[in-house]
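Listed here are the chains, written in short residue letters.
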Amino acid sequence: MTCYKLIYFNMRGRAELSRYIFAYAGINFEDQRVEWKDWPSIKNTFPLGKLPVLEVNGFLLTQSLAIARYLAKKAGLLGGSDLATAQADALVDNLNDFTISIPWRENDPKIKAQKIDKLFQSHLPKLLDYLQRHLGDREWLVGDSVTWADLYWHVCFTTFSALRPGFADRHPALCALVKRVEGIPNLAQWIQNRPVTEF
Ligand SMILES: N[C@@H](CCC(=O)N[C@@H](CS)C(=O)NCC(=O)O)C(=O)O
């Protein structure tokens, strides 16, 4: 039996998409959350000194999206054809580009708030329009079944809502997609029972 250990900090952050995929597929995994105080002493034991890392039967896999894509393949969440797979990949990459452009490390709260406002006003509407166009009047972002892009949209929606509640109010179809993802029983259970963290 394959043993999975997902190692990250006590946050949703870059690990939550993989946690969603584990939950969706009903695959058991160890959800190891490193305390920041312990990090300096163990950082160099990881391949590039960064998390998340997925340990698969002792092998250490790095990069959050490579990890999630590996798991999405196992869970049947990549998309139903080569083109659908590429579309789902592109949606994930576009959501990720925006997420990593958020000034997470800005220490000055006032400057941080200004930068987030500017980013949400200048870049997010275009991304939301693109997602909503992609969705059209279908149930899921790609094809006629759920993919890891839908799960990532839920992860990002949760994070962006924590920063700017109501940010997607002008995109009702995308808000409905959030509810659809939450309606998947295994995910509903994960979301209800996961550790509560700010991000
Ligand atoms: N591109 C990498 C980035 C990984 C990354 O920057 N991880 C951060 C946490 S979100 C980290 O390990 N920070 C601690 C450090 O750099 O010492 C990924 O997506 O996995």
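Residues numbered from 1 in each chain as written. Predicted model: local features only at pLDDT ≥ 70, side-chain atom pairs only at ≥ 80, totals over all residues. Heavy atoms only, no water.

The name given to the chain in an unreviewed UniProt entry is glutathione transferase, with the source organism recorded as Esox lucius. Recorded in UniProt under Catalytic activity (unreviewed entry), the annotation for the chain is "RX + glutathione = an S-substituted glutathione + a halide anion + H(+)". (UniProt positions renumbered as here; feature names shortened; annotations may be inferred.)

**With respect to the nonpolar core**
Counting residues in hydrophobic clusters, the biggest one holds 64 residues, and the most contacted among them are I21, L51, F120, W148, L151, W153 and F167. Broken down by element, this core gets its largest block of residues, 10 residues, from helix α7 (residues 148-163). Ignoring anything within four residues of it in the chain, the contact list for L51 reads I7, Y8, F9, V34, W39 and F46. (Core = buried A, V, L, I, M, F, W, Y, C linked by side-chain atoms within 4.5 Å. Buried < 20%, exposed > 50% of the residue type's maximum accessible area, 1.4 Å probe, protein only. Helix = DSSP H or I, 4+ residues; strand = E, 2+ residues; numbered from the N terminus. Contact = heavy atoms within 4.5 Å.)

**Looking at the pairing of strand β3 (residues 53-56)**
Inspection of the sheet shows strand β1 (residues 4-9) paired to β3 by 4 bridges, in the antiparallel sense. Across the sheet, residue L6 finds its bridge partner in β3, namely L54. Looking at chain direction, β3 and strand β4 (residues 59-62) are connected through 4 bridges and run antiparallel. Opposite V53, over in β4, you have T62 as the bridge partner. Turn length for the β3-β4 hairpin, with the two strands adjacent in sequence and antiparallel, is 2 residues, and the turn residue N57 shows positive phi of about 45 degrees. (Pairing = 2+ DSSP bridges.)

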